Structure formats: C-alpha cells, structure tokens
Amino acid sequence: MPDDSDIKIFNDKTKSQENFDEISVIAEMKRHRINGNSEKAKALGKHLADIFVDEEKMIKDLSKEVGVLDFDDDIMYQIKVLLAFTAEYCINHSLPSPLLSNTAVNRMYDAVKTSAFEFYDRLDDGAEYSFYYLALRKSANISEEIGKAFAMICGSDEFSELGKNLFECAKQEIDSVIDLYEFV
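Residues numbered from 1 in each chain as written. Predicted model: local features only at pLDDT ≥ 70, side-chain atom pairs only at ≥ 80, totals over all residues. Heavy atoms only, no water.

(A) Looking closely at the overall build of the chain. Helix and strand content of the chain: nine helices and zero strands. For the chain, buried positions account for 38% of its 184 residues. Of all intrachain contacts in the chain linking residues separated by at least 6 positions in sequence, the fraction that spans at least 24 positions is 68%. As presented, the chain carries roughly 11,500 Å² of accessible surface, and 51% of it is formed by carbon and sulfur atoms. (Helix = DSSP H or I, 4+ residues; strand = E, 2+ residues; numbered from the N terminus. Buried < 20%, exposed > 50% of the residue type's maximum accessible area, 1.4 Å probe, protein only. Contact = heavy atoms within 4.5 Å. Areas by Shrake-Rupley, 256 points an atom, 1.4 Å probe, with all protein chains shown as cover.)

(B) Broad picture of the packing of aromatic side chains. One pass over the structure, following the stated rule, counts nine aromatic pairs. Between Phe150 and Phe159, the aromatic rings sit 6.3 Å apart at their centres with planes inclined by 85°, giving edge-to-face as the arrangement. When sorted by exposure, Phe150 lands in the same class as Phe159, which is buried. Aromatic rings pair up to connect Phe85, Tyr129, Tyr132 and Tyr133 into one cluster. Directly above the ring of Phe119 sits Lys80, whose terminal nitrogen or CZ lies 4.6 Å from the centroid. The ring of Tyr77 carries the charged tip of Arg122 above its face, separated from the ring centre by 3.7 Å. (Phe/Tyr/Trp six-rings, centres within 6.5 Å; stacked < 30°, edge-to-face > 60°. Lys NZ or Arg CZ within 6 Å of the ring centre and 35° of its normal.)

(C) Spatial organisation of the nonpolar core. Within the largest apolar cluster, 53 residues are counted, with the highest numbers of intra-cluster contacts made by Leu44, Ile79, Ile91, Leu95 and Phe150. Contributions of two or more residues to this core are made by α2 (37-53), α3 (55-66), α4 (73-94), α5 (98-115), α6 (117-125), α7 (128-138), α8 (142-154) and α9 (160-180). At 13 residues, the largest contribution of residues to this core is made by α4. Apart from residues no more than four positions distant in its own chain, Leu44 is found in contact with Ile91, Leu95, Ala104, Val177, Ile178, Tyr181 and Phe183. (Core = buried A, V, L, I, M, F, W, Y, C linked by side-chain atoms within 4.5 Å.)

(D) Representation of α5 in the model. Given a rise of 1.5 Å per residue, 18 residues ought to cover 26 Å, and the 25 Å separating the end C-alpha atoms of α5 matches this to within 8%. Among all positions of α5, only Leu100, Ser101, Ala104, Val105, Met108, Tyr109, Ala111 and Val112 are buried. The arc that holds the buried residues of α5, viewed along the axis, is 160°, so those residues lie on one side. You can read the cap of α5 off the contacts: a side-chain oxygen lies 3.1 Å from the backbone nitrogen of Leu99, and it is on Ser97. (Expected span 1.5 Å × (residues − 1). Arc of directions from axis to C-beta. Polar contact = N/O pair within 3.5 Å; in protein donor to acceptor, adjacent residues only side chain to side chain.)

(E) The environment of Phe167, seen in detail. Locating Phe167 in the fold gives a position in helix α9. Residues Phe167 and Ala87, 80 residues apart in the sequence, show an inter-C-alpha distance of 9.5 Å.

(F) Spatial organisation of the packing of α4 against α9. Orientation of α4 relative to α9, taken along the N-to-C sense of each, is 45°, at an axis distance of 9 Å. One element, α4, and the other, α9, form an angle in the oblique class. Of the two possible hands of crossing, α4 and α9 adopt the one that is right-handed. Contacts between α4 and α9 involve Ile79, Leu82, Leu83, Thr86, Ala87, Tyr89, Cys90, Ile91 and Ser94 on the former and, on the latter, Gly163, Leu166, Phe167, Ala170, Lys171, Ile174, Asp175 and Ile178. Residue composition of the contact of α4 with α9, grouped by class: 12 nonpolar, three polar and two charged. (Axes fitted to C-alpha atoms, helices over the stretch in contact; angles between N-to-C directions. Parallel < 35°, antiparallel > 145°, perpendicular 65-115°, else oblique. Left-handed = near helix turned anticlockwise from the far one by under 90°. Nonpolar A, V, L, I, M, F, W, Y, C, P; charged D, E, K, R; others polar.)

(G) Representation of a negative patch on the surface in the model. A cluster of acidic residues, Glu118, Asp121, Asp124 and Asp125, forms a negative patch on the protein surface. Among the secondary structure elements, Asp121 is positioned in helix α6. With relative accessibility at 34%, the residue Asp121 sits in the partly exposed group. (Patch = residues over 30% accessible without salt bridge, like charges linked within 9 Å, V, L, I, M, F, W, Y side chains within 5 Å. Salt bridge = Lys/Arg side-chain N within 4 Å of Asp/Glu carboxyl O. Lys, Arg positive; Asp, Glu negative; His and termini not counted. Charge placed at Lys NZ, Arg CZ, Asp CG, Glu CD.)

(H) Examining the confidence of the model for the chain more closely. A residue-level look at the chain finds 89% of positions with pLDDT of 70 or above and a mean pLDDT of 90. Within the chain, no element has a lower average pLDDT than helix α1 (residues 12-34), which sits at 77, and none a higher one than α8, at 97. (pLDDT = per-residue confidence, 0-100.)

Structural data, given as structure tokens:
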C-alpha cells in the first residue's frame with residue numbers, strides 16, 4: 001500500500017487565515033469610520049457621479065480644456081465612459097485604502113444608477129472598460145495608450161489625441177477633487 005502521508009486534503013491554516021483576514025478588515029472598517037474616511041469616500045463617489053449626470057456643465061468645463069465637444073450621441077457617450085473610467089482609475093490610485101476605493105466607486109455607480117439609469121445600464125453592459133484596462137497595462141505612457149483605446153472604441157484614429165487629452169484633463173481635475181477630501 002502506497003504511503004499517502006504527504007497528501008493534504010485540508011489545510012488547517014485556511015480557517016485561521018480567514019478569521020485573521022475578517023478581523024483585519026473589520027478593524028480597518030472601524031478605523032475609517034471613526035476617522036471620517038468612510039463618509040468622505042461616500043461623499044466623493046456622490047460628487048463624482050454628479051459630474052456625469054450634469055452633462056451640459058461637464059461638456060462646457062471640458063471644452064475649455066480640450067476644445068469644442070460637438071459630436072454625435074455615440075461619441076458623447078464614449079466621452080462619458082472614458083470619464084467614468086478615469087474617475088474609477090483615480091479613486092483606485094489616490095485613496096489610501098482599497099476598502100475606501102471600493103466604497104467611493106460603489107457610491108459613484110449607485111448615484112449614477114439612480115440619476116442616469118440609461119447611462120448606467122449601457123455602461124454596465126459595455127466592454128469599453130476592458131480596453132482601457134488593457135491600455136493601462138501596455139505602456140508607461142498611460143495617456144497615449146488610453147487615447148489609442150478611445151480612438152479604437154470610437155472607430156477612428158482621429159480620436160486618439162482627444163482621448164489622451166480627455167484622460168489627462170479629467171485625471172488632473174479628479175485628483176484635485178480627491179485632494180479636497182483630505183483622506184487620513
């Protein structure tokens with residue numbers, strides 16, 4: 001009969017590791033709730049969502065930076081998708097904790113879902129984010145790659161520079177907004 005003493009079916013450390021992870025997550029949640037970061041993350045998410053909902057103001061503000069944005073509905077939708085992606089990107093890179101990032105992103109999408117359901121529903125069904133995430137992995141020059149992905153999604157290389165400029169402008173503005181919340 002073969003010796004099967006080296007075969008492990010159940011690892012006893014799994015249960016204790018799960019308990020440790022739960023305890024650390026609970027402690028982190030409590031710390032962020034007490035220091036105000038949780039409420040700030042929710043407020044940030046709502047604030048960013050409000051930007052997407054007020055399309056007229058968003059277009060006016062962006063036009064000052066990137067030029068006139070007078071395109072058909074499909075391209076305007078893609079601009080909003082790129083801005084939503086940029087907001088999520090900035091949140092994930094700027095907030096001090098993944099837990100806070102998730103809170104802000106979830107609040108942002110909840111608010112968009114409530115205020116602009118058609119946009120949210122179409123965004124939720126779309127594949128554009130996949131192309132932007134792939135662009136992030138391609139190069140150290142993220143803006144260039146995002147611009148190329150935006151152009152590809154829009155169906156014309158002419159949109160590459162616009163996508164790059166939109167990403168850079170939105171990133172700068174969103175990072176400034178995040179700084180205002182003074183996360184601890």
